[in-house]
Amino acid sequence: MAEECIFCKIIRGEIPSDKIYENKHIFSLLDNNPIAPGHTLVIPKKHFKTILDIPEQELCELIKGVKKMTMAVVEATDAPGFNIIVNGKKAAGQLVDHIHFHIIPRFKHDNIRYECPAIKYKEGQKQEIMDRIKKVLK
Ligand code: 5GP
Ligand code: ZN
């Protein structure tokens, strides 16, 4: 059954988009709610929700596409910097449940702020979280 997700519909051409590039594996378009001129999305043609769901082979193709598109966007916008952002699941701000990389050209004094104040670990918390992550990796 065809996926009902908005990006799948865009890829199938059922919804118009500002497509920039596509190949066998990926599709790239301008974000329709950009935070900077040239804000670009790169998505796999197959529907996967997050980086945890996409098979490694397809992820490699996606990352290659992200690099290609980043080079193009940076050169085209003359941006001295860029952010590559991937939101994973609702709690992290993922609104479209089809994995996508945001490429955001950045300029000095561009007024884009990602407000991320650093936290301080509580007593013993750092060691505990390290141990828990390492245990998962075993
Ligand atoms: P998320 O919060 O899931 O990481 O970001 C989803 C992004 O997709 C948002 O930046 C939003 O503007 C963009 N978006 C949502 N719907 C559409 C659409 O129909 N077309 C395009 N071009 N971008 C979309
Ligand atoms: Zn989809």
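The coordinates are above.
Residues numbered from 1 in each chain as written. Chains lettered and ligands numbered in written order. Predicted model: local features only at pLDDT ≥ 70, side-chain atom pairs only at ≥ 80, totals over all residues. Heavy atoms only, no water.

**Q** Which parts of the structure should I look at to understand the coordination of the zinc ion (ligand 2)?
**A** Each pair of donors in an ideal octahedron of six around a metal sits at 90 or 180 degrees, and each pair in an ideal tetrahedron of four sits at 109.5 degrees. With distances of 2.1 to 2.3 Å, the protein atoms coordinating the zinc ion (ligand 2) are Cys 5 (SG), Cys 8 (SG), His 47 (ND1) and His 98 (ND1). Each of the four donor atoms around the zinc ion (ligand 2) contributes to a set of angles spanning 105 to 118 degrees, which defines the coordination as tetrahedral. Residue class for Cys 5 comes out buried when judged on its relative accessible area of 13%. What makes His 47 partly exposed here is its relative accessible area of 25%. (Donors = N, O, S within 2.8 Å, 3.2 Å for Na, K, Ca; no water. Tetrahedral: all angles 85-135°; square planar, octahedral: opposite > 155°, others 65-115°. Buried < 20%, exposed > 50% of the residue type's maximum accessible area, 1.4 Å probe, protein only.)

**Q** Quick question: what am I supposed to make of helix α2 (residues 56-77) here?
**A** For an α-helix, 3.6 residues make a turn, and residues three or four places apart therefore share a direction. The end-to-end C-alpha distance of α2 is 31 Å, a good match for the 32 Å that 22 residues give at a rise of 1.5 Å each. Against β1 (19-22), β2 (26-30), β3 (40-44), β4 (81-85) and β5 (101-106) lie the buried residues of α2. Backbone geometry just downstream of α2 places Asp 78 in the positive-phi region, at approximately 60 degrees. (Helix = DSSP H or I, 4+ residues; strand = E, 2+ residues; numbered from the N terminus. Expected span 1.5 Å × (residues − 1). Contact = heavy atoms within 4.5 Å.)

**Q** Sorry, what's going on with the site of ligand 1 here?
**A** Around ligand 1, a shell composed of 16 residues is seen, among which Asp 31, Gly 93, Leu 95, His 100 and His 102 lie nearest. Asn 32 places a side-chain nitrogen or oxygen 3.2 Å from a nitrogen atom of ligand 1. Measuring from an oxygen atom of ligand 1, one finds a side-chain N or O atom of His 102 at 2.9 Å. Protein chains bury 84% of the 520 Å² of accessible surface belonging to ligand 1 in isolation. Taken atom by atom, the bulk of ligand 1 overlaps the largest pocket. Sort the elements by how many residues they give to the shell around ligand 1 and helix α1 (residues 6-11) lands first, with three residues. (Near = heavy atom within 4 Å. Polar contact = N/O pair within 3.5 Å; in protein donor to acceptor, adjacent residues only side chain to side chain. Areas by Shrake-Rupley, 256 points an atom, 1.4 Å probe, with all protein chains shown as cover. 1 Å grid on protein atoms, 1.4 Å probe; cavity = no way out; pocket = protein on both sides within 12 Å on 5 of 7 lines; lining within 4 Å. Sits in = over half its atoms within 2 Å of the grid points.)

**Q** Where do I start with the environment of Ala 118 in this structure?
**A** Mapped onto the fold, Ala 118 is located in the loop between β5 and α3 (125-137). The exposed category is assigned to Ala 118, whose relative accessible area is 77%. The spacing of Ala 118 and Asn 32 is 86 residues in sequence and 31 Å in space, taken between C-alpha atoms.

**Q** I would appreciate a short explanation of the sheet that holds β5 in the present structure.
**A** Either a parallel or an antiparallel arrangement is found when strands of a sheet pair, and the pairing is made through backbone hydrogen bonds. Judged by pairing direction, the sheet is antiparallel, and its five strands sit side by side in the order β1-β2-β3-β5-β4 without closing on themselves. For this open sheet the edge positions go to β1 and β4, each flanked by a neighbour on one side alone. Across the sheet, the mean angle from the axis of one strand to that of its neighbour is 20 degrees, orientation sign disregarded. Where β3 lies against β5, three bridges are found, and the strand directions are antiparallel. Its bridge partner lying in β5, Val 42 is registered against Phe 101. On the sheet, α2 packs against β1, β2, β3, β4 and β5 and is oriented at approximately 20 degrees with respect to β5. (Pairing = 2+ DSSP bridges. Axes fitted to C-alpha atoms, helices over the stretch in contact; angles between N-to-C directions.)

**Q** Is there a simple way to think about unusual backbone geometry in this case?
**A** In most cases, non-glycine residues show a negative phi, while peptide bonds are predominantly trans. Despite not being glycine, Asp 78 shows a phi value in the positive range, around 60 degrees. You can see Asp 78 is positioned in the loop between α2 and β4. What makes Asp 78 exposed here is its relative accessible area of 65%.

**Q** I'm lost on the pattern of salt bridges in this one. Help?
**A** Should the charged atoms of two oppositely charged side chains come close, the side chains can pair. Enumeration over the complete set of coordinates arrives at nine salt bridges. Measuring nitrogen to oxygen at the nearest pair gives 2.9 Å for the salt bridge that ties Lys 46 to Glu 58. On the criterion of sequence distance, the pair formed by Lys 46 in the loop between β3 and α2 and Glu 58 in helix α2 is long-range, its members being 12 residues apart. In this structure, Arg 106 and Asp 110 form a salt bridge, with 2.6 Å as the shortest nitrogen-oxygen distance. (Salt bridge = Lys/Arg side-chain N within 4 Å of Asp/Glu carboxyl O.)

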